[in-house]
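Each chain, written out:
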Amino acid sequence: MALSNAGTGIELANPPSDGISNLRFSNHSDNLLVSSWDETVRLYDASANVLKGEFKHGGAVLDCCFHDDSSGFSAAADNKVRRLVFSHGKEDILGKHDAPVRCVEYSYVSGQVITGSWDKTLKCWDPRGASGQEHTLVGTYVQPERVYSLSLVGNRLVVATAGRHVNIYDLRNMSQPEQRRESSLKYQTRCVRCYPNGTGYALSSVEGRVAMEFFETSEAGQSKKYAFKCHRKSEAGKDIVYPVNSIAFHPIYGTFATGGCDGFVNVWDGNNKKRLYQYVKYPSSISALSFSRDGRLLAVASSYTYEEGHKDHEPDAIFVRSVNEVEVKPKPKVFANPNP
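About the thresholds
Residues numbered from 1 in each chain as written. Predicted model: local features only at pLDDT ≥ 70, side-chain atom pairs only at ≥ 80, totals over all residues. Heavy atoms only, no water. Core = buried A, V, L, I, M, F, W, Y, C linked by side-chain atoms within 4.5 Å. Buried < 20%, exposed > 50% of the residue type's maximum accessible area, 1.4 Å probe, protein only. Helix = DSSP H or I, 4+ residues; strand = E, 2+ residues; numbered from the N terminus. Contact = heavy atoms within 4.5 Å. Pairing = 2+ DSSP bridges. Axes fitted to C-alpha atoms, helices over the stretch in contact; angles between N-to-C directions. Phe/Tyr/Trp six-rings, centres within 6.5 Å; stacked < 30°, edge-to-face > 60°. Polar contact = N/O pair within 3.5 Å; in protein donor to acceptor, adjacent residues only side chain to side chain.

Caption draft 1: Looking closely at the nonpolar core. Counting residues in each nonpolar core, the largest one holds 17 residues, and the members touching the most others are V265, Y279, L289, L298 and V300. Residue contributions to this core peak at three residues, all from strand β29 (residues 286-291). In this view, L298 contacts F25, V265, Y279, L289, S290, F291, F319, V320, R321 and V323; residues no more than four positions away in its chain are not counted.

Caption draft 2: Local environment of the pairing of strand β27 (residues 265-269). With five of five residues buried, β27 lies mostly within the body of the structure. Burial along β27 is two-sided: the face carrying V265, V267 and D269 and the face carrying N266 and W268 are both buried. The antiparallel pairing of strand β26 (residues 256-260) with β27 creates a hairpin that spans four residues between the two strands, and G263 there sits at a positive phi of about 85°. As paired elements, β27 and strand β28 (residues 274-278) share four bridges and run antiparallel to each other. Pairing of N266 across the sheet is with Q278, part of β28. Adjacent in sequence and paired antiparallel, β27 and β28 are bridged by four residues, among which K273 carries a positive phi angle near 55°.

Caption draft 3: Expanded view of the sheet that holds strand β19 (residues 189-194). Reading across from one edge, β19-β20-β21-β22 is the order of the four strands in this open sheet, with antiparallel pairing throughout. Of all the strands in the sheet, just β19 and β22 (226-229) have a single pairing partner and so form its edges. For this sheet the average axis-to-axis angle between neighbouring strands, irrespective of direction, equals 20°. In this sheet, strand β20 (residues 200-205) lies alongside β19 in antiparallel orientation, the contact comprising five bridges. Bridge pairing in β20 links V192 to L203.

Caption draft 4: Just the environment of G58, in detail. Among the structural elements, G58 can be located in the loop between β6 (50-56) and β7 (61-68). Taking relative accessible area as the criterion, G58 reaches 56% and is therefore assigned exposed.

Caption draft 5: Molecular detail of the packing of aromatic side chains. Inspection of the entire model under this criterion finds 12 aromatic pairs. Ring centres 5.5 Å apart and planes at 70° place the aromatic pair Y195 and F214 in the edge-to-face group. With Y195 in the loop between β19 and β20 and F214 in strand β21 (residues 209-214), the pair connects residues that are 19 residues apart, well separated along the chain. Of the two residues examined, Y195 and F214, each falls in the buried class. Ring centres 6.4 Å apart and planes at 50° place the aromatic pair F228 and F256 in the tilted group. Of this pair, F228 sits in strand β22 while F256 sits in strand β26, and the two are 28 residues apart along the sequence. Each member of the pair, F228 as well as F256, is classed as buried.

Caption draft 6: Here's a closer look at the side chain of E145. With respect to the helices and strands, E145 occurs in the loop between β14 (137-142) and β15 (147-153). Judged by relative accessible area, E145 falls into the buried class, the value being 19%. A polar atom in the side chain of E145 sits 3.1 Å from the side chain of R146. Excluding its chain neighbours within four sequence positions, the residues that come into contact with E145 are K120, T161, A162, G163 and H165.

Caption draft 7: Spatial organisation of the sheet that holds strand β18 (residues 179-182). Ordered by their spatial adjacency, four strands build an open sheet running β15-β16-β17-β18, and the pairing between neighbours is antiparallel. With one partner strand each, in any of the chains shown, β15 and β18 form the two edges of the open sheet. Between one strand and the next, the sheet's axes are offset by a mean angle of 20°, whatever the strand orientation. Relative to β18, strand β17 (residues 165-170) runs antiparallel, the two being bridged by four bridges. Each residue of the ladder has a partner; that of V166, found in β18, is R181.

Structure below.
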């Protein structure tokens, strides 16, 4: 495990003025979409360090995702789901939930927008429908608790809720979950992200742990799952444990980064169960992470997440760092020669 001395990366100009809830790179360019508690969604060109556009909402924005390179969707605390077209400065309201909307994902496979809310429902929307909720709402699916995190891979959707519930759906048949599970971690779920190869998902908790899970329900499939401790330190003989707020998979190598309230970003090789890298400490909690489409850049939101209540904290900031192959490429296993 190596430590990077390359610093924190380039800090983006014109950052949000309040907590950063999420950031995501485009699948087509180095455009970066950022949602914030300051009631905005911002679009940056991350490699040029330019703010390209901004939409103001009627409440804190809790999540965002891209549709195409110049448009996206947002999930807000005013209960509304919006489509934002930056190229025309235009927004539509796709519809609303009965409580703040916590998560939004766009499925390139089904062409649908999927939202999860604290109203304990999941909703699917067709953004191609005419304006107005009755035209765009495809379905509403009741969840066991408030939705905290969503992730998609192919036709699979993983929904993590309060109460440590995990529901796994096939987008082609949303009438009921394909699998209903309970988190293997004892504490509240913070983030769930599917493996790029579609075989399972990583799930993080408020108690400095990540679980590596697999969709395959056979005994052989389930025997591969494990969990590990991270984002913690020992001080005066006591273990200090931090929430793991974010997980981001590298699009080329399938390794992944985690960001915690300790201000650290760690890179892991899940197959070989090893930490590959730890970047230098950031000024505040890591609230969100995203790799660019080619894995050359990593966007890091350094943003206090109020895990210790109101206190003086560093300004919210977005850093974009160049990723070196050595930080993210799995190291080959070295086998001893039996006949030296």
